Amino acid sequence: MQSILDSSLALKAAVGDVAEVAGYLWGKGWAERNGGNIVINVTEFVNDDIRQMHAISAPLSTSGYMPHLKGSYFFCKGTNRRMRDLARWPMENGSVIRILDDCEHYEIIADKAVMPTSELPSHLAVHNYLIGKGSTYKASLHTHPTELVAMSHTNKFLEKDVLTKLLWSMIPETKAFCPRGLGIVPYMLPGSVELANATIKTLAENYDVVLWEKHGVFAIGEDVMQAFDMVDTLCKSACIYMDARMMGFEPDGMTVEQMAELSETFHLPK
Ligand code: 2HA
Ligand code: ZN
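Calculation criteria
Residues numbered from 1 in each chain as written. Chains lettered and ligands numbered in written order. Predicted model: local features only at pLDDT ≥ 70, side-chain atom pairs only at ≥ 80, totals over all residues. Heavy atoms only, no water. 1 Å grid on protein atoms, 1.4 Å probe; cavity = no way out; pocket = protein on both sides within 12 Å on 5 of 7 lines; lining within 4 Å. Points joined across faces, edges and corners; volume = space filled by probe spheres on them. Helix = DSSP H or I, 4+ residues; strand = E, 2+ residues; numbered from the N terminus. Nonpolar A, V, L, I, M, F, W, Y, C, P; charged D, E, K, R; others polar. Buried < 20%, exposed > 50% of the residue type's maximum accessible area, 1.4 Å probe, protein only. Arc of directions from axis to C-beta. Donors = N, O, S within 2.8 Å, 3.2 Å for Na, K, Ca; no water. Pairing = 2+ DSSP bridges. Contact = heavy atoms within 4.5 Å. Axes fitted to C-alpha atoms, helices over the stretch in contact; angles between N-to-C directions.

**Describing the layout of surface pockets**
Here's step 1: Here the largest pocket is characterised by a volume of approximately 200 Å³.
Here's step 2: Along the walls of the largest pocket sit K165, W168, S169, K175, V256, M259, A260, S263 and K270, which together make up its complete lining.
Here's step 3: When contributions to the lining of the largest pocket are tallied by element, the ones reaching two or more residues are α6 (162-168) and α10 (256-265).
Here's step 4: Considering only residue class, the lining of the largest pocket consists of 4 nonpolar, 2 polar and 3 charged.
Here's step 5: Put simply, the second largest pocket is a space of about 170 Å³.
Here's step 6: Grouping the constituent residues of the lining of the second largest pocket by class yields 4 nonpolar, 2 polar and 5 charged.

This is the structure in structure tokens:
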């Protein structure tokens, strides 16, 4: 069977990156069963052949009015699909969708009528927000990093920027590669519009990664690799913190002076 990926090498490469990251998520143990999802804006890779492709689904609801998404295209992991299967067979476990002109519906155009992720309301609302503010970010990623979720099970880590400062202080790379820190979104029902709205509100406070209490993280980036790298870096810090605790001590963390020197040298926000 002909695949949409044969129509655009750039689209093929972008979906290849999604498959690669899906493999990492599974390998890291962050993607049990169908856990997590990835949505990428692929509009820039869409050519006239793809624009003329017919829908292979009825119009479906975007769960909200998305004025900035009119005519956009996304590759989305399918609902109930396994990340480990997305890694091997991306077009069997994900699909390309087109947002319709009413900005409230979408249709699936390729390769198969795989229904997108249950977290589509969050992902599309975030992409609508990103385009609206002129961002060049194209990727959104939701996953269940074990250590970060574990840390969200105590109120002391849910206070604003307590975890950001703790995780930054575990190893210099974390602030260097995740300079906006980790936002906190209180527990809300998975897949709900409330969760989508709270996610956008927190991202708008200038975070690239937010922690969904007792559930997972939601990250955005220029591309799926960048979004993954930020989560991976934060989770590395969480692992160092836990290893220190398991050795029986509270880690000191880098000093205020060391953090200030790092921020100064690498031009990071204070
Ligand atoms: O899509 O992780 O939060 C599976 C999930 C929902
Ligand atoms: Zn989830």
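Next comes the rest of the description.
**Details of α10**
Here's step 1: Where α10 is concerned, the buried positions are M259, L262 and S263. Down the axis of α10, the smallest arc covering the buried residues is 95°, so these residues share one side. What points out from α10, more than 90 degrees from its buried face, is the exposed set E257, E261 and E264.
Here's step 2: Where α10 ends, the next residue or the one after it, H267, has phi of about 50°, a positive value.

**Observations regarding the coordination of the zinc ion (ligand 2)**
Here's step 1: Those donors, H142 (NE2), H144 (NE2) and H215 (NE2), are the protein atoms that reach the zinc ion (ligand 2), and they lie 2.0 to 2.2 Å from it.
Here's step 2: Spacing between the donor residues of the zinc ion (ligand 2) along the chain follows H-x1-H-x70-H. Residue H142 is found in strand β6 (residues 139-143), and its partner H215 is found in the loop between β8 (209-212) and β9 (216-221); the two are separated by 73 residues along the sequence.
Here's step 3: Taking the relative accessible area as the measure of exposure, H142 reaches 1% and is therefore buried.
Here's step 4: Under the relative-accessibility criterion, H215 is labelled buried at 14%.

**Things to note about the sheet that holds strand β1 (residues 37-41)**
Here's step 1: Strand order in the open sheet made by the 9 strands is β2-β5-β4-β3-β1-β6-β9-β8-β7, with mixed pairing throughout. Sheet topology places β2 (60-61) and β7 (182-185) at the edges, where each strand pairs with a single neighbour.
Here's step 2: Pairing between strand β3 (residues 73-77) and strand β4 (residues 94-99): 5 bridges, direction antiparallel. Across the sheet, the residue bridging to Y73 is R98, located in β4.
Here's step 3: The strands touched by helix α4 (residues 120-132) within the sheet are β1, β3, β4, β5 (105-110), β6, β8 and β9, with β1 carrying the most contacts at an inclination of about 30°.
Here's step 4: Of the strands in this sheet, β7, β8 and β9 are in contact with helix α8 (residues 193-203), which crosses β7 at around 150°.

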